[in-house]
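Architecture and fold: a report
Listed below, chain by chain, are the residues.
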Amino acid sequence: MNQAALRARQLMSAPPPSAARRITEIVESPLNRFFGAGSFDVGAQALVEEGGVLYCPALEFEISENEARLFDPRLSDGKRKSIYLRGKSREIFGSSASDADNDILRAMLERYRDSAMELVLQLFPTYRGAMLAASTSFRPRPTGVGEASLSWRKDDTRMHVDAFPSNPTHGVRILRVFTNVGAKARVWRVGERFESMADHFLPRVPEYSLWRAQWLKRLGVTKRLRSHYDHIMLHLHDAAKADLKYQRESPQTTIEFAPGSSWICFSDQVMHAAMAGQFMLEQTVHVALHAMAHPEHSPLAVLERAMLTPLLPHRG
Ligand SMILES: [Fe+2]
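Here goes a summary of the coordinates provided. Predicted model only: the values in this text are computed from it and were never measured.

What counts, and at which threshold
Residues numbered from 1 in each chain as written. Predicted model: local features only at pLDDT ≥ 70, side-chain atom pairs only at ≥ 80, totals over all residues. Heavy atoms only, no water. Helix = DSSP H or I, 4+ residues; strand = E, 2+ residues; numbered from the N terminus. Rg over C-alpha atoms; globule rule 2.2 N^0.38 Å. Buried < 20%, exposed > 50% of the residue type's maximum accessible area, 1.4 Å probe, protein only. Contact = heavy atoms within 4.5 Å. Areas by Shrake-Rupley, 256 points an atom, 1.4 Å probe, with all protein chains shown as cover. Lys, Arg positive; Asp, Glu negative; His and termini not counted. Charge placed at Lys NZ, Arg CZ, Asp CG, Glu CD. Salt bridge = Lys/Arg side-chain N within 4 Å of Asp/Glu carboxyl O. Axes fitted to C-alpha atoms, helices over the stretch in contact; angles between N-to-C directions. Parallel < 35°, antiparallel > 145°, perpendicular 65-115°, else oblique. Left-handed = near helix turned anticlockwise from the far one by under 90°. Nonpolar A, V, L, I, M, F, W, Y, C, P; charged D, E, K, R; others polar. Patch = residues over 30% accessible without salt bridge, like charges linked within 9 Å, V, L, I, M, F, W, Y side chains within 5 Å. Donors = N, O, S within 2.8 Å, 3.2 Å for Na, K, Ca; no water.

This part is about the overall build of the chain. In terms of helices and strands, the chain carries nine helices and 11 strands. On C-alpha atoms alone, the chain measures out to a radius of gyration of 19 Å, which is about the 20 Å that the 2.2 N^0.38 rule sets for 316 residues. A principal-axis box enclosing the C-alpha atoms of the chain has dimensions of 55 × 50 × 40 Å. The buried share of the chain, taken over its 316 residues, is 55%. Excluding contacts between residues fewer than 6 apart, the proportion of contacts in the chain whose partners are at least 24 apart in sequence is 83%. Carbon and sulfur atoms make up 54% of the accessible area of the chain, which totals about 14600 Å². When the 40 basic and 35 acidic side-chain charges of the chain are each reduced to a single mean position, those positions are 5 Å apart.

Below, the discussion takes up the pattern of salt bridges. For the structure on display, the rule yields 18 salt bridges. Linking Arg158 and Asp155 is a salt bridge whose minimum nitrogen-to-oxygen distance equals 3.2 Å. With respect to burial, Arg158 and Asp155 carry one shared label: buried. Notably, a salt bridge pairs Arg193 with Glu195, separated by 3.3 Å at the nearest N-O pair. In this structure, a network of salt bridges that share partners links the residues Arg139, Asp162, Arg176 and Glu282.

Turning to the packing of helix α5 (residues 194–201) against helix α9 (residues 299–307), a few remarks are in order. Running from N to C, α5 and α9 point in directions that differ by 40°, and their axes come no closer than 10 Å. Between α5 and α9, the interaxial angle falls into the category oblique. Where α5 crosses over α9, the handedness of that crossing is right-handed. Between α5 and α9, the contacting residues are Phe194, Glu195 and Ala198 on the first element and Pro299, Val302 and Leu303 on the second. For the contact of α5 with α9, the residue count by class is five nonpolar, no polar and one charged.

We now examine a nonpolar patch on the surface. There is a patch of nonpolar side chains on the surface, built from Trp211, Trp215, Leu219 and Val221 and spanning about 470 Å² of accessible area. Tracing the chain through its elements places Trp215 in helix α6 (residues 210–218).

His160 (NE2), Asp162 (OD) and His272 (NE2) make up the full set of protein donors to the iron ion, lying at 2.2 Å. Positions of the donor residues of the iron ion along the chain correspond to the pattern H-x1-D-x109-H. With a gap of 110 residues between them, Asp162 in the loop between β5 (131–139) and β6 (173–180) and His272 in strand β10 (residues 272–276) connect regions that are remote in the sequence. Neither residue differs from the other here; Asp162 and His272 are each classed as buried.

On their own, these measurements won't tell you what the molecule is for.
Here you go:
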């Protein structure tokens, strides 16, 4: 067992899972650069697509002095968790900084986006031409503080898979690259593997209504039709967060991501909760399903096997 897995085991706060309820795998990688990473991790794609977390303790993102002097929670506009860019747009959201400081922040975020996208291409070569940079964020506020006062749906200290009410994905994957640029460890809980989590909560998912999905789209509540797949993902997200007994007692591991480290996972597949930490960069990458080397592990494939029915509209 490697060091990270060993540490994760030591920190395990629940009884060991049975074979049927396997825990998310966390594997440590010697990767130490964003560019030219191709030769490092031949097994990274299989690990991450199978629902594991690739942890790179030595993968540091360099922050200039000019950028570091801006690291202050007051940088946030107080309305959003992050300061972020959307895709290739230069508009910056969530910041209360001056125009000059926003220029510095924007340059840092763009540099991180370019580094993270290059890293993903190197580690996951089949994604070339099938991936898109979604948001690039910087989180200046301490994580976990005040979350309990949010609605339980927004409380990310409760384990969940990512699914967003207004943004149906139709199975497009949500890959995330994270880097801890703060001085404290970032602490996550990760839970059981997607398959067993889905087994546990699928009986609680209400029936899908195409009529209701069409109505939500017409009202502008969703940006596109909420597919049967998106309906299930959203209810899995909510059911897990709403179940405090599950949060306490289901198989889980606590992991500390050290300052100056990075980690990568599919957040629509890995049960995760962010418990503590401050100052983090994160790149969200949308990846087309057809680019997966191991599509049989995707949440869509797992759910279609469990439901015995196609979950996306208009597929051959
Ligand atoms: Fe999340």
